[in-house]
Amino acid sequence: MNQEELNFTVSVPGKVILIGEHSVVYKKRGLAASISKRTFLHFREHKEAHEQITFTYKSLLERVEWDFKSVYNVINLNKPLTCDMKDFSLSTPEYFDHDKYVELIKEFVLQKVPEDGPKQKAMLGTFYAVLGMLWCTDIDISPFDLEVYSDVALGAGTGSSAAFSVCIASAVYNYIRLKAYQKFGSGEFNVSSNSFKAHTMELAQHYNGFSLKDKDIVNKWAFCLEKINHSTPSGIDNSVCTYGNAILLNAIGEKDEKSSIDFLDNLPSFRILLVNSGVPRSTADMAKKVSTLLKICPEATQSILDSMDIIAMKFLEHAQEIKNESDKADVLQHYRKLEVLIDLQHGHLRTLGVSHPRLEEICFITKRRGLHSKLTGAGGGGNAFTLLPPDATEEDIKETVQDLKSSGFLVDDIVLNGEGLTLESN
């Protein structure tokens, strides 16, 4: 087959949680939507004499080089599994013994990134996908470069780590199917190595994007990468970054009491102001606050979480009515109800102790002009968003933005409910 060097770019949106911060961890329903800010990963295969694999994470790392043979050797090492190798394939990353696998990768990563922190986590996540996905597939790999760059603010509650995780997983997945085509040609082929469970792919020289089945697999791997960053992620961030648009998490079906995800294609494309407080925060610290509160006063805290569940469903109901409604007056009435729900949700989060004075300042500034805001994400800093209803004048919006900026906030006028994982070029 044609052994041309492969070169492509994937992109993934960030996200905001509309309703459901913290409550989704306790099996309550939550809503999240993608945003019109994206993370990009450019993949370039090369066959240079020095045979290096290089990673460039703009805003995190300078160029880091790894000897290709050392990476190849780690790919071929047995990985800790909770199942027999013959039951593992590209579609079952959940069968890794996650903690033991991360420790194996960490031994390797420490050679180049010894200090704890975001840089090390980025490398751990990258090699989680590279070593795990290539381990079980029957392809001939070559040295390559990865370059990640992003419009999504780091550590601000808008899905920067999830977008990164989806980018890494999707890039390795796309590389596998393109290399498999070079080896096997067009058609349906098992791409698993002999020791592993068969995994059939429809191979082609070029792809226009990722099918739903492809996204399901990428999302599984991205969730595993998210566990490196957040220990016990809800799955909401990586899911909305993968599939785009909006999702309802933890929708409880009549026959299934497990958490699930419903994909929502009947929501409007809300216009919002995304306001960065400039205050760094820790998701783990905020989650611990809620967990502690639940232990100290379980009945009252549980009632707040239950109320958040109701707010999520009422928010969804009115958002869907906006999409379906043609009468402008009725649309505005639904926006008024959404604004009430936004205020209620933010009030609950404040009561749980996960707000911050700067987040409260955002709410105060926007309320002076009749707009409604809430924190989004874990809280304690990070971002808030302000809903812009259709009757908000451009002058009011402009003055609100000026007020926020003059108070030291970073502001973006963006749209919610956009496209998920995409293949930009191939």
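Above this text you will find the structure in question.
Residues numbered from 1 in each chain as written. Predicted model: local features only at pLDDT ≥ 70, side-chain atom pairs only at ≥ 80, totals over all residues. Heavy atoms only, no water.

Colleague: How would you sum up the overall build of the protein? Please name residues and give values.
Modeller: Along its length, the protein carries 11 helices and 14 strands. In terms of C-alpha radius of gyration, the protein reaches 22 Å, essentially the compact-globule figure of 22 Å for 426 residues. With respect to the principal axes defined by its C-alpha atoms, the protein has extents near 65 × 45 × 45 Å. The buried share of the protein, taken over its 426 residues, is 55%. By sequence separation, contacts in the protein at least 24 residues apart represent 75% of the contacts at least 6 residues apart. With the model as given, the accessible surface of the protein reaches about 18,200 Å², and the carbon-plus-sulfur share is 50%. (Helix = DSSP H or I, 4+ residues; strand = E, 2+ residues; numbered from the N terminus. Rg over C-alpha atoms; globule rule 2.2 N^0.38 Å. Buried < 20%, exposed > 50% of the residue type's maximum accessible area, 1.4 Å probe, protein only. Contact = heavy atoms within 4.5 Å. Areas by Shrake-Rupley, 256 points an atom, 1.4 Å probe, with all protein chains shown as cover.)

Colleague: I'd like to hear about the side chain of Arg-177, residue by residue, with values.
Modeller: Of note, Arg-177 is situated in helix 4 (residues 160-184). Only 2.8 Å separates the side chain of Arg-177 from the backbone oxygen of Gly-209, close enough to count as a polar contact. A distance of 3.1 Å separates a polar atom in the side chain of Arg-177 from a polar atom in the side chain of Asp-214. With residues up to four places along the chain from it excluded, the contact list for Arg-177 reads Met-201, Leu-203, Tyr-207, Gly-209, Phe-210, Asp-214 and Leu-423. (Polar contact = N/O pair within 3.5 Å; in protein donor to acceptor, adjacent residues only side chain to side chain.)

Colleague: Please give an account of the packing of aromatic side chains that cites residues and values.
Modeller: Per the counting criterion, the structure on display carries 26 aromatic pairs. Between Phe-68 and Tyr-72 the ring centres are 6.1 Å apart and the planes differ by 40°, which places this aromatic pair in the tilted class. Taken as a pair, Phe-68 and Tyr-72 lie in helix 1 (residues 68-75) at a separation of four residues, close to a single helical turn. Taking the relative accessible area as the measure of exposure, Phe-68 reaches 9% and is therefore buried. For Tyr-72, a relative accessible area of 39% translates into the label partly exposed. Ring geometry for Phe-88 versus Phe-96: centroids 4.9 Å apart, planes at 55°, classification tilted. The buried category is assigned to Phe-88, whose relative accessible area is 0%. Owing to a relative accessible area of 4%, Phe-96 belongs among the buried residues under this scheme. (Phe/Tyr/Trp six-rings, centres within 6.5 Å; stacked < 30°, edge-to-face > 60°.)

Colleague: Which residues make up the pairing of strand 12 (residues 383-387), and what values go with them?
Modeller: Extensive coverage of strand 12 is indicated by the burial of five of its five residues. Of the two faces of strand 12, the one holding Asn-383, Phe-385 and Leu-387 and the one holding Ala-384 and Thr-386 are both buried throughout. Pairing of strand 10 (residues 271-276) with strand 12 involves five bridges; the strand directions are antiparallel. Across the sheet, Leu-273 pairs through a bridge with Thr-386, a residue of strand 12. The pairing of strand 11 (residues 372-376) with strand 12 spans five bridges and is classified as antiparallel. The partner of His-372 across the bridge, within strand 12, is Leu-387. Between strand 11 and strand 12, which pair antiparallel and follow one another directly, the connecting turn spans six residues, one of which, Gly-377, has a positive phi of 100°. (Pairing = 2+ DSSP bridges.)

Colleague: So, the nonpolar core: which residues are in play, and what are the values?
Modeller: One finds Phe-127 and Tyr-128 to be the most contacted residues of the largest nonpolar core, which totals 81 residues. Sort the elements by how many residues they give to this core and helix 4 lands first, with 15 residues. For Tyr-128, the residues in contact, after removing those within four places along its chain, are Phe-96, His-98, Tyr-101, Val-102, Ile-105, Met-133, Trp-221, Cys-224, Leu-225 and Ile-228. (Core = buried A, V, L, I, M, F, W, Y, C linked by side-chain atoms within 4.5 Å.)

Colleague: Explain the pairing of strand 5 (residues 144-150) to me, and be specific about the residues and the numbers.
Modeller: Note that strand 2 (residues 30-45) and strand 5 share seven bridges and pair antiparallel. Bridge pairing in strand 5 links Leu-41 to Val-148. In this sheet, strand 5 lies alongside strand 3 (residues 52-57) in parallel orientation, the contact comprising four bridges. Directly across from Tyr-57, in strand 5, lies its bridge partner Val-148.

Colleague: Tell me what's going on with helix 1, and back it up with residues and numbers.
Modeller: Inspection of helix 1 places Phe-68, Val-71, Val-74 and Ile-75 among the buried residues, and these make up the whole buried set. Buried positions in helix 1, seen along its axis, are confined to an arc of 125° and lie on one side of it. (Arc of directions from axis to C-beta.)

Colleague: Kindly report on the sheet that holds strand 11, identifying the contributing residues and their values.
Modeller: Read from one edge to the other, the open sheet built from four strands follows the order 11-12-10-13, with strand pairing classed as antiparallel. The outermost strands of the open sheet, each flanked by one partner alone, are strand 11 and strand 13 (410-415). The sheet shows a mean angle of 25° between the axes of neighbouring strands, direction not considered. The strands that helix 11 (residues 394-406) touches are strand 10 and strand 13; relative to strand 10, the one it contacts most, it runs at about 10°. (Axes fitted to C-alpha atoms, helices over the stretch in contact; angles between N-to-C directions.)

Colleague: Give me the lowdown on the pattern of salt bridges, citing residues and values where you can.
Modeller: According to the stated counting rule, one finds 25 salt bridges in the structure shown. Asp-309 is the partner of Arg-29 in a salt bridge, and the nearest nitrogen-oxygen pair spans 2.7 Å. Of this pair, Arg-29 sits in the loop between strand 1 (7-19) and strand 2 while Asp-309 sits in helix 8 (residues 298-324), and the two are 280 residues apart along the sequence. Judged by relative accessible area, which is 25%, Arg-29 ranks as partly exposed. (Salt bridge = Lys/Arg side-chain N within 4 Å of Asp/Glu carboxyl O.)

Colleague: Please give an account of the packing of helix 3 (residues 118-135) against helix 5 (residues 212-230) that cites residues and values.
Modeller: Each pair of packed helices can be summarised by the angle the axes make with each other and by the distance between the axes. Across the interface, helix 3 lies against helix 5 with an axial gap of 9 Å and an inter-helix angle of 150°. On the basis of their axis angle, the class for helix 3 and helix 5 is roughly antiparallel. The two elements helix 3 and helix 5 meet at a crossing, and its hand is right-handed. Within the contact between the two elements, helix 3 uses Lys-121, Leu-124, Gly-125, Tyr-128, Ala-129, Gly-132 and Met-133 and helix 5 uses Trp-221, Cys-224, Leu-225, Ile-228 and Asn-229. (Parallel < 35°, antiparallel > 145°, perpendicular 65-115°, else oblique. Left-handed = near helix turned anticlockwise from the far one by under 90°.)

Colleague: Explain the layout of surface pockets to me, and be specific about the residues and the numbers.
Modeller: Approximately 1,200 Å³ is the volume attributed to the largest pocket. Considering the residues around the largest pocket, the lining is formed by 50 residues, among which Ser-161, Asn-229, His-230, Arg-281 and Thr-283 are closest to the centre. Looking at which element gives the most residues to the lining of the largest pocket, the answer is helix 7 (residues 283-296), with five residues. (1 Å grid on protein atoms, 1.4 Å probe; cavity = no way out; pocket = protein on both sides within 12 Å on 5 of 7 lines; lining within 4 Å. Points joined across faces, edges and corners; volume = space filled by probe spheres on them.)

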